[in-house]
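Tertiary structure, described
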Amino acid sequence: MRPLRAAWLGRIAYAPAFDLQRALADRRANGEIDDTLLLLEHDAVYTLGRRATDGEVLLDARALAARGIAVERTDRGGRVTYHGPGQLVGYPIVDLGQNGDLVAYVRTLERALIATIAEFGIEAGTIEGLTGVWVSDSKIGAIGVHVSRGVTTHGFALNVTADLDAFNGIIPCGIVDRGVTSIEALTGLQPGVDEVAARAAAHLANLLESNLSWISPADLGVEASHV
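The residue numbers shown here count from 1 along each chain, following its written sequence. For this predicted model, a pLDDT threshold of at least 70 governs which residues receive local features, and a threshold of 80 or more governs which side-chain atom pairs are given and counted, while totals over whole chains, interfaces and linings are taken from all residues. Computation of side-chain values covers all heavy atoms of the structure but excludes hydrogens and water.

**Considerations on the overall build of the protein**
- In this description a helix means any DSSP run of H or I spanning at least four residues, a strand means any run of E spanning at least two, and both kinds are numbered starting from the N terminus. Summing up its helical and strand segments, the protein has five helices and twelve strands in all.
- It is over C-alpha atoms that the radius of gyration is taken, and the globule rule equals 2.2 Å times the number of residues to the power 0.38. Relative to its length of 227 residues, the protein is compact, with a C-alpha radius of gyration of 16 Å against a globular reference of 17 Å.
- Within the protein, the proportion of its 227 residues that are buried is 48%.
- Contacts are assigned to residue pairs with any non-hydrogen atoms lying within 4.5 Å of each other. Long-range contacts, defined as pairs at least 24 residues apart, comprise 77% of the intrachain contacts of the protein with a sequence gap of at least 6.
- Accessible area of the protein: about 10100 Å², with a carbon and sulfur share of 47%.
- One way to put it: in the protein the 19 positive side-chain charges average out to a point 4 Å from where the 28 negative ones average out. The rule is simple: take the accessible area with a 1.4 Å probe, protein chains only, and divide by the maximum for that residue type; under 20% is buried, over 50% is exposed, in between is partly exposed. Using the Shrake-Rupley algorithm and a 1.4 Å probe, accessible areas are obtained, with residue cover drawn only from the displayed protein chains. Charge counting treats Lys and Arg as positive and Asp and Glu as negative, with His and both chain ends excluded. Taken as the charge centre is NZ of Lys, CZ of Arg, CG of Asp or CD of Glu, depending on the residue.

**Topic: helix α5 (residues 193–207)**
- The span expected for a helix works out to 1.5 Å for each residue beyond the first. Look at α5: 21 Å from first C-alpha to last across 15 residues, which is about the 21 Å you get at 1.5 Å a residue.
- All buried positions along α5 are accounted for by V193, V196, A197, A200, A201, L204 and A205. Seen end-on, α5 carries its buried residues on one side only, within an arc spanning 165°.
- Downstream of α5 by a residue or two, E209 has a phi angle that is positive, lying close to 55°. In this description, the arc belongs to the directions extending from the helix axis to the C-beta atoms.

**Some thoughts on the packing of helix α3 (residues 102–118) against α5**
- Helix axes use the C-alpha atoms of the stretch in contact, all axes being lines fitted to C-alpha atoms, and the angles between their N-to-C directions lie in the range 0 to 180 degrees. Contact geometry for α3 and α5: axes closest at 9 Å, N-to-C directions at 135°. The angle between the axes of α3 and α5 places the two elements in the oblique class. For the crossing formed where α3 meets α5, the hand is right-handed. On α5, the residues that touch T108, L109, R111, A112, A115 and T116 of α3 are V196, R199, A200, H203, L204 and L207.
- Gly counts as polar in this scheme, as do all residues outside two lists: the nonpolar Ala, Val, Leu, Ile, Met, Phe, Trp, Tyr, Cys and Pro, and the charged Asp, Glu, Lys and Arg. Looking at the contact of α3 with α5, its residues break down into seven nonpolar, three polar and two charged. Between 65 and 115 degrees an angle is taken as roughly perpendicular, under 35 as roughly parallel, over 145 as roughly antiparallel, and anywhere else as oblique. Crossing chirality is assigned from the near helix's rotation relative to the far helix, an anticlockwise turn below a right angle marking it left-handed and a clockwise turn marking it right-handed.

**Points about the pattern of salt bridges**
- A side-chain nitrogen of Lys or Arg and a carboxyl oxygen of Asp or Glu constitute a salt bridge if their distance falls within 4 Å. If you walk through the whole model with that rule in mind, you get ten salt bridges.
- The partner of R67 in a salt bridge is D163, with the nearest N and O atoms 3.8 Å apart. With R67 in helix α2 (residues 61–67) and D163 in the loop between β10 (151–159) and β11 (179–180), this pair connects stretches of sequence that are 96 residues apart.
- Of the residues examined, D163 reaches a relative accessible area of 40% and is grouped as partly exposed.
- Residues R199 and E119 are paired through a salt bridge, measuring 2.4 Å at the closest nitrogen-oxygen approach. In this pair, R199 sits in helix α5 while E119 sits in the loop between α3 and β7 (125–127), placing the two residues 80 residues apart along the sequence.
- A relative accessible area of 40% means that E119 is categorised as partly exposed.
- Because the salt bridges share partners, they merge into one network encompassing R2, R28 and D35.

**Focus: helix α1 (residues 14–29)**
- With 16 residues, α1 ought to run about 22 Å at 1.5 Å a step, and its terminal C-alpha atoms sit 22 Å apart, in line with that.
- All buried positions along α1 are accounted for by Y14, A17, F18, L20, Q21, A23, L24, A25 and R28.
- In the segment just after α1, G31 is the residue with positive phi, at about 75°.

**Points about the nonpolar core**
- Core analysis: the biggest nonpolar cluster contains 30 residues, and L88, I117, I140 and I183 have the highest contact counts within it.
- Secondary structure elements with two or more residues in this core: β1 (2–12), β2 (35–42), α3, β8 (130–135), β9 (138–148), β10 and α5.
- The biggest single contributor to this core is α5, with seven residues.
- Those residues within four positions of L88 in sequence are excluded, and the remaining contacts are W8, L39, L40, F156, A157, L158, V160, V193, V196, A197 and A200.
- Throughout this description, the term nonpolar core refers to a set of buried Ala, Val, Leu, Ile, Met, Phe, Trp, Tyr and Cys residues connected via side-chain atoms within 4.5 Å. Of all hydrophobic cores here, the second largest spans 21 residues; its members include L9, I12, L24 and A157.

**With respect to the packing of aromatic side chains**
- Pairing of aromatic rings covers Phe, Tyr and Trp, the last through its six-membered ring, and needs centres within 6.5 Å; plane angles under 30 degrees mean stacked, over 60 mean edge-to-face, and all others mean tilted. Summed over the entire model, instances satisfying the criterion amount to three aromatic pairs.
- Consider the rings of Y14 and F18, whose centres lie 6.1 Å apart with planes at 35°: the pair is tilted. Taken as a pair, Y14 and F18 lie in helix α1 at a separation of four residues, close to a single helical turn.
- Looking at Y14, the relative accessible area reads 5%, which means it is buried.
- Among the aromatic residues, those joined into a cluster by ring pairs are Y46, Y82 and F167.

Below, the structure is given as structure tokens:
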């Protein structure tokens, strides 16, 4: 079993987390570090993937400022989504190899989220033709991935106690006829995002057939300015 290092970063803005991913991905591609899983919450932000258009953000600049929501373009796949407090974000920096199966990797992320929320009594699944994890017609987990030199960045977002109203300011993932939900909305439970992170890390490591170990952000092996 190959190692998988996991680090809980707490709450962090989008831009420094993006920089951190890229720094770690470079080191992973060069064989300088092991596979690494970053787990965190973001400050409120709408992120636009490679296929997103500006029109998928429905709020104007004044409304965005009033709600304290930033907008960031990024290099992940997919369209527009929301990240914010109460949502678990996971960024696996994993070496798939030059001929790695990206579709199989995305399915692995979905299975890890399905197993995680099953621990809270939620039966979730996937919908053919749509990426992510769903409870009936509502998305609870979003996935968007980028691969360069065989190494993954970006990953998944799981709604734990997130403000679901924030999704009304966008067309989530370009889908207009389905909703969003969360662990809290479905169960009334309010687990800590760090608790859910620990469960998700264990399931992902198991599915990747990796040996999970927890490290502090200071031990990630990148410049301090990235952490």
